[in-house]
Structure formats: C-alpha cells, structure tokens
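# Structure at a glance
What follows is the residue order along each chain.
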Amino acid sequence: MYSHDVLIIGAGLAGMRAALSARQGGADVAVISKVHPVRSHSNAAQGGINAALEHAGDDWRDHAYDTVKGSDYLGDQDAIEVMCREAGSEVIQMEHYGVTFSRDEAGRLGTRAFGGQGKARTFFVADFTGQALLHVLYEQIMRAGVRVYEEWLVLELIIEDGECAGAVVMEIRSGDVHVIRAKAVIIAAGGLGRVFEPSTNALVCTGDGMGLAYRAGAPLMDMEMVQYHPTTLKGSGVLITEGARGEGAHLLNSEGQRFMERYAPNMMELASRDVVSRAEQTEINAGRGIDGCVLLDMRHLGERLIRERLTQILDIARDFANVNLLEEPVPIRPGMHYQMGGVKTDVDGQTQLPGLYAAGEAACVSVHGGNRLGANSLLDTLVFGRRSGEHAAEMSRAKAQKDLDDSAADGQKAHIQRLLDNERNGDMFGQIRLDMGRAMNDHLAVYRNQAGMESALDTVRQLRERYRSVYVQDKGRTWNTNLVFTLELGFMLDSAEAITLSAIERKESRGAHTREDYPERDDETWMKHILVRQTQDGPALDYMPVAITQWEPQVRSY
Ligand SMILES: Cc1cc2nc3c(=O)[nH]c(=O)nc-3n(C[C@H](O)[C@H](O)[C@H](O)COP(=O)(O)OP(=O)(O)OC[C@H]3O[C@@H](n4cnc5c(N)ncnc54)[C@H](O)[C@@H]3O)c2cc1C
C-alpha cells in the first residue's frame, strides 16, 4: 500500500498546479496520471490565457463582467471575482517559472483579442500556449519533489466514515491493482469531450474524474452546459483556435457573406462562443452552408502573421483538411469542445464530500456557467488548481490517515475479473462508445429539443445494459489498453446520463443550452444550477441558487 498526504488525480495544468502549491505548503504530494504528464489534454490548448493586468490599463472587474455576461448569468459571481482578481498574479507567476509568453513590439507581454471580451487580454505563446505552460509546470513539480505515478489509472475513490481516504488504482504496465491512502484527494482529471463524437478533445478525455466523484456520492453541477466551439474541422473535429478570429479571421457562408453582422453586429466573429456557434448552425440549417460547414477565411491576415502566431493551425489545416490557409478558406463547423459543468466545488476546490477536492475542467466552481469564454479555462485550471492544493495541504496537516488495508481494492479486482470473464456475445467497447458519441452529438449539440434528448437518454440507458456484457478481447494483464478503454467507457456512460438528465430538466434556453421548444431565457424559474447526484435509487436532481454580487441579469447581446 502507498500513502501520501495529498493525492492528485490528473497531471494536466490543474493537477500540476495543485501539486506544486500543496508541496510548497509542506505536504507529501503525489500525482497520478493515466498518460505521461505532458501528454495531458492541456498540452493541446492553443489560443491563450486571460488576465486583466492593471499596468496594461485593464481592470479585473471588466474581465469579471465579461465572464458573467459570457456565462449567460449562470456563473457564480463570487467565484468569478476570485478568478479574475487572481488572474494577473497567476500569469506573472507562470512567466517567472519560465513560460516564454509572446511579446509585443515594445517587448512587454503581448495580448490578443478573444471572444466575448471588451478588451484584448489573452496572453499567449504563439498557438501552443497549453504546451508551454504544461512543460514548465512539469519541470517545477519535478524540482519540488512531487511523486508521479505515471500511466496508472484510478478506478475508484475510497470513502471511509463519510470521508475520502484514498483511491484504488491500476498500474497499466502490469495490470496490478493497488490502494493509495491519502488525507486529501484532488480530482483534476480533465474533461469528458469524448462522450461526444466527434470532439476537439484528446481520446483520453473520458470524464473519469466526474464519474469517480459521482459514484462516490458527490454531486455534479451544470452538466447540461456543453460547449460547441465555433471552429472545428469537418470530419475529424480537430480544433482551429479562436486565436484565428482573434487575429482577424472572417466567417463566411456559401454566399460569401460575413453573416455574423446579422447576429452580433458589434463583436462580429468575436461574440461569445455559444452565439457564434448558433449563428453558424442557423446558416447551415437555412441552406447557406457548404456540405454542413461554413468557411473560416484567413487569407487577408498575410503569411507573416500566420506563420508567426498561428503556425500550428496552418499545419493542422494542411494535415487534416488538405487546405492551405494562406490561399483558401477552411471549412469549419460547431463541434463539441468543453464541459462547463463538473464536480461541484467551492472556491477552495472543496466538494461536498469531506477530504475530496476537484479542480480544472473536471470541476464546476462555477465560473463558466452557461458558456465559457475562450482562454478562461487555462486560467480556471491554474487559479483553482493552486487554491485547492493550498487548502488540501493545510487540511491534511490537521488530519491522520485512515486505517485502510489492501482489501479496499477487492471490489475493483472483482469488477475487472468480471469484465475479463465476459463471454464473446457482447459488443467490444468501441461500438458502444461510438453509439453513445453519435447519440450525444445528434441530440445534445447546438440546438436541442425534448424528443431528441429523450431519445438520447433512452440510447444511453440501453448502452448501459449492453455495457454489462461488454467483451474484453485481450485477457492479459500487461498493458491491456483494451481493458483500460473499457473501464473508461464505464465513466463516460455516467457522464452521458448526467448531461442528458440535466438538459431535459432545464426548460429554457441559456448559454450553450438552446432548446427549440423553449427558445427564451427564463430568469424567473431557471436562474439556478442543476445538480445530479447518484443515489441508491438512481440519479437524483437538486438545485442551487446562482451567487450574484454586483451584476444583475440583463438581455445579452454582442
Ligand atoms: C484542442 C483544445 C484547445 C484548447 N485551447 C484552450 C485555450 O487556448 N485556452 C483555454 O483557456 N482553454 C483551452 N482549452 C481548454 C483547456 O485546455 C482544458 O479545459 C484544460 O487544459 C483542462 O485541464 P485539466 O488540468 O483540467 O485537465 P487535462 O489537461 O485534460 O488533464 C487531465 C489529467 O487527468 C488524468 N486522468 C484522467 N482520468 C484519469 C484516471 N482515471 N486515472 C488517472 N489519471 C487520469 C490524465 O492522465 C491527465 O493527466 C482547449 C481544449 C482543447 C481540447
């Protein structure tokens, strides 16, 4: 058995930021990750990270207001204030740790414009900001002496006397199952993009963290709020960063029109993501698309700017769509990108289960509400990663380890054996995963309605049944990726159900949740969060008020 003060599940930006601050707080810290740390999805973040730096003439209150408006007034304003107030010092701290942010002509940290914001406040490293941040944080946790369990899969949280006391984990290389004791556990296991097919997310984004918390009884919040990003490539769904529009790219329909002038005359292509995605989908549905897409045109930006600031997407467009961005527009469409909801926490990362924290995309503080602003997620991972690490370290000081033994892993060992014993009459994980992804993308995308969502819920419940007899072809223990993917699929089905149930419940349109049958926002009834909790009788729904500090809900236009 292994033991640590603080165990962090996930080595993306949230997990590593939490590890660093918990270590600086004097705790014995371990990070566990199912992939090598720098292969976490944070690595793929392109566009940048938001902060209002005062010496650059910006004000955190303006950033907070843009975030509140972007969230369609569902974000908790007290939490948004914390995030925006601490953004500047966090970005500067990262610069001091060694992140080589792109500079302006005068040699100061440069900014680019991002959607839904009144000011250019997105700091960036060309179009690979996430990679730059992630590598620097990895160096820092190595230096600080954080233990990393790399390519280990967390299977279950251990709950003892109503408190989180550690986790059951599988070493992927050997297939051995172990118990890790911890006084505090932080879930930083990232998003669930792959519950939808296609998605901009890496294949490893399977919502394990949300599933782990949900199974342990901690509620998930705002799960109906799924972001469809306006610019994803046809077919593969690979992301073209919002940084492209930030640098001035145009959106065109089949008639060559910059159609955003009809939807968001002031901010045009840089309106909030939900607004731009709805506009694109409306154009496509009205027959003004091209093969299910609209066009992103960057030709007028010029080769020098594109090669300097958008080099990665130049390659992506060439490799995945066979398009040379310098010479022709690229077909794009709205695609699944981000989960605003997650494990409900407070501003210190504490969930409703003592000893259990969450941060990053797996968590819901809630700072994004109904729609996340581009470049606010990297910020969320760092600010709330750091805060949860600090709090967990402090809490662990006053606490003793629970008395656990290896039998805590017996349930998971038996579960794995059952999966391996399943006969060949069931589907393999891939078919179930694809059927789930397609049903979610068909019915929980940009436009939703009751009948569609009910049919998706039906599908998910049938898939749960099929999952019981899922067939794992590889019976070995060494590097059994077939088994790993099958275990991930179990978590994905939890998330799919939570998303669908919450979406059916919210009978209005707000942020990313747009219903054809309830087209208006209804502040009277629905200015509240929806929570889903697993109980013995199945999933149960609950509500929480939205925290409002200084910004009363208004009509939202861009
Ligand atoms: C293509 C793309 C571009 C983006 N660009 C931007 C951007 O420019 N700006 C912005 O603000 N946001 C952006 N985002 C969103 C942002 O990158 C993510 O929300 C954020 O990086 C998530 O970080 P995280 O630390 O929460 O999770 P991740 O980086 O996804 O890390 C999750 C970690 O959890 C581990 N893990 C998961 N499950 C288990 C398990 N069962 N056992 C063990 N380990 C587990 C993984 O191994 C991994 O280490 C982008 C997202 C994508 C997909």
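Here the structure is a predicted model, which means the values were calculated and not measured.

### Regarding the side chain of Ser272
For Ser272, the location among the structural elements is in the loop between helix 7 (260-263) and helix 8 (273-285). A relative accessible area of 0% places Ser272 in the buried class. Separated by 2.8 Å, the side chains of Ser272 and Tyr558 make a polar contact. Not counting chain neighbours up to four residues away, the residues in contact with Ser272 comprise Gly70, Gly116, Asn371, Leu373, Arg556 and Tyr558.

### Focus: the sheet that holds strand 14 (residues 330-339)
Pairing within the open sheet is antiparallel, and its four strands lie in the order 11-14-13-12. The strands lining the two open edges of the sheet, one partner per strand, are strand 11 (226-233) and strand 12 (250-252). Averaged over neighbouring strand pairs, the angle between their axes works out to 45 degrees when direction is ignored. As paired elements, strand 13 (residues 294-297) and strand 14 share three bridges and run antiparallel to each other. Residue pairing in the sheet places Leu296 in a bridge with Val330 of strand 14.

### Considering the packing of helix 1 (residues 13-24) against helix 3 (residues 77-97)
With their axes 14 Å apart at the nearest point, helix 1 and helix 3 run at an angle of 85 degrees to one another. On the basis of their axis angle, the class for helix 1 and helix 3 is roughly perpendicular. Here Arg17, Leu20 and Gln24 of helix 1 lie close against helix 3, whose contacting residues are Glu90, Gln93, Met94 and Tyr97. For the contact of helix 1 with helix 3, the per-class residue count stands at three nonpolar, two polar and two charged.

### A short note on the packing of aromatic side chains
Across all of its chains, the model carries seven aromatic pairs by this definition. An angle of 80 degrees between the planes, with centres 5.4 Å apart, marks the rings of Tyr2 and Tyr149 as edge-to-face. Pair noted here: Tyr2 is in strand 1 (residues 2-9) and Tyr149 is in strand 6 (residues 147-150), with a separation of 147 residues, a long-range link. You can call Tyr2 partly exposed: its relative accessible area is 25%. Put simply, the rings of Tyr2, Tyr149 and Trp152 pair up and form one aromatic cluster. Cation over ring: Lys69 sits above Tyr558, and NZ or CZ is 4.3 Å from the ring centre. Positioned above the aromatic ring of Trp60, the side-chain terminus of Arg85 is 4.9 Å from the ring centre.

### Thoughts on the sheet that holds strand 10 (residues 220-221)
Spatially, 17-15-10-20-21 is the arrangement adopted by the five strands of the open sheet, whose pairing is mixed. At either margin of the open sheet sits one strand with a lone partner, and together these are strand 17 (363-364) and strand 21 (538-545). With two bridges joining them, strand 10 and strand 15 (residues 342-344) adopt antiparallel strand pairing. Residue pairing for strand 15: Leu220 is matched across the bridge by Val343. Across the sheet, helix 15 (residues 481-505) lies against strand 10, strand 20 (528-535) and strand 21, angled at about 55 degrees from strand 21, the strand it touches most.

### With respect to helix 8
The end-to-end C-alpha distance of helix 8 is 18 Å, a good match for the 18 Å that 13 residues give at a rise of 1.5 Å each. Among the 13 residues in helix 8, eleven count as buried, and that is most of the element. Looking at helix 8, one finds that the buried residues are Arg273, Asp274, Val275, Val276, Ser277, Arg278, Ala279, Glu280, Gln281, Glu283 and Ile284. Gly287 sits one or two residues past helix 8 and shows a positive phi near 85 degrees.

### Focus on the site of the ligand
Around the ligand sit 37 residues, and of these Ser40, His41, Ser42, Glu361 and Ser377 come closest. In the model, an oxygen atom of the ligand is placed 2.5 Å from a nitrogen or oxygen of the Ser42 side chain. If you list the elements that add at least two residues to the shell around the ligand, you get helix 1, strand 2 (29-33), strand 7 (152-160), strand 14 and helix 11 (376-397). Take the shell around the ligand: its biggest share by element is four residues, from helix 11. In terms of residue class, the shell around the ligand is made up of 16 nonpolar, 17 polar and four charged.

### Points about the pattern of salt bridges
Applying the stated criterion to the full structure yields 51 salt bridges. For Asp161, the salt bridge identified is with Lys402, shortest N-O distance 3.4 Å. With a gap of 241 residues between them, Asp161 in the loop between strand 7 and strand 8 (163-171) and Lys402 in the loop between helix 11 and helix 12 (410-421) connect regions that are remote in the sequence. With relative accessibility at 65%, the residue Asp161 sits in the exposed group. The salt bridge partner of Asp315 is Arg318, with a shortest N-O separation of 3.7 Å. Placement of the pair is Asp315 and Arg318 together in helix 10 (residues 311-321), with a separation of three residues, close to one helical turn. Assessed through its relative accessible area of 47%, Arg318 is described here as partly exposed.

### Some remarks on the environment of Arg309
With respect to the element layout, Arg309 can be found in helix 9 (residues 303-309). By relative accessible area, Arg309 is classed as partly exposed at 23%. Measuring from C-alpha to C-alpha, the distance between Arg309 and Pro553 comes to 36 Å, with 244 residues separating the pair along the chain. Ignoring sequence-local partners within four residues, the contact set of Arg309 consists of Arg112, Phe124, Ala126, Asp127 and Glu247. A distance of 3.0 Å separates a polar atom in the side chain of Arg309 from a polar atom in the side chain of Glu247.

### Describing the environment of Gly15
Locating Gly15 in the fold gives a position in helix 1. Setting aside residues up to four positions removed in sequence, Gly15 forms contacts with Ile8, Gly10 and Ala188.

### Observations concerning empty space enclosed by the protein
Where empty space is left becomes clear once a probe the size of a water molecule has been rolled over the atoms. Counted according to the given criterion, the structure contains two cavities of 30 Å³ or more. Its boundaries defined by the atoms lining it, the largest cavity holds a volume of some 80 Å³. Of all elements in the fold, only strand 11 and helix 8 reach the threshold of two or more residues within the lining of the largest cavity. Examining the composition of the lining of the largest cavity, we find that four residues originate from one element, helix 8, more than from any other. Class assignment for the residues of the lining of the largest cavity results in five nonpolar, five polar and three charged. Reported here for the second largest cavity is a volume of approximately 30 Å³. For the second largest cavity, the full set of lining residues is Met340, Ala363, Cys364, Val365, Ser366, Val367, His368 and Asp380. Its residues assigned to classes, the lining of the second largest cavity shows five nonpolar, two polar and one charged.

What counts as what
- Residues numbered from 1 in each chain as written.
- Predicted model: local features only at pLDDT ≥ 70, side-chain atom pairs only at ≥ 80, totals over all residues.
- Heavy atoms only, no water.
- Helix = DSSP H or I, 4+ residues; strand = E, 2+ residues; numbered from the N terminus.
- Buried < 20%, exposed > 50% of the residue type's maximum accessible area, 1.4 Å probe, protein only.
- Polar contact = N/O pair within 3.5 Å; in protein donor to acceptor, adjacent residues only side chain to side chain.
- Contact = heavy atoms within 4.5 Å.
- Pairing = 2+ DSSP bridges.
- Axes fitted to C-alpha atoms, helices over the stretch in contact; angles between N-to-C directions.
- Parallel < 35°, antiparallel > 145°, perpendicular 65-115°, else oblique.
- Nonpolar A, V, L, I, M, F, W, Y, C, P; charged D, E, K, R; others polar.
- Phe/Tyr/Trp six-rings, centres within 6.5 Å; stacked < 30°, edge-to-face > 60°.
- Lys NZ or Arg CZ within 6 Å of the ring centre and 35° of its normal.
- Expected span 1.5 Å × (residues − 1).
- Near = heavy atom within 4 Å.
- Salt bridge = Lys/Arg side-chain N within 4 Å of Asp/Glu carboxyl O.
- 1 Å grid on protein atoms, 1.4 Å probe; cavity = no way out; pocket = protein on both sides within 12 Å on 5 of 7 lines; lining within 4 Å.
- Points joined across faces, edges and corners; volume = space filled by probe spheres on them.

By themselves these figures say nothing about function.
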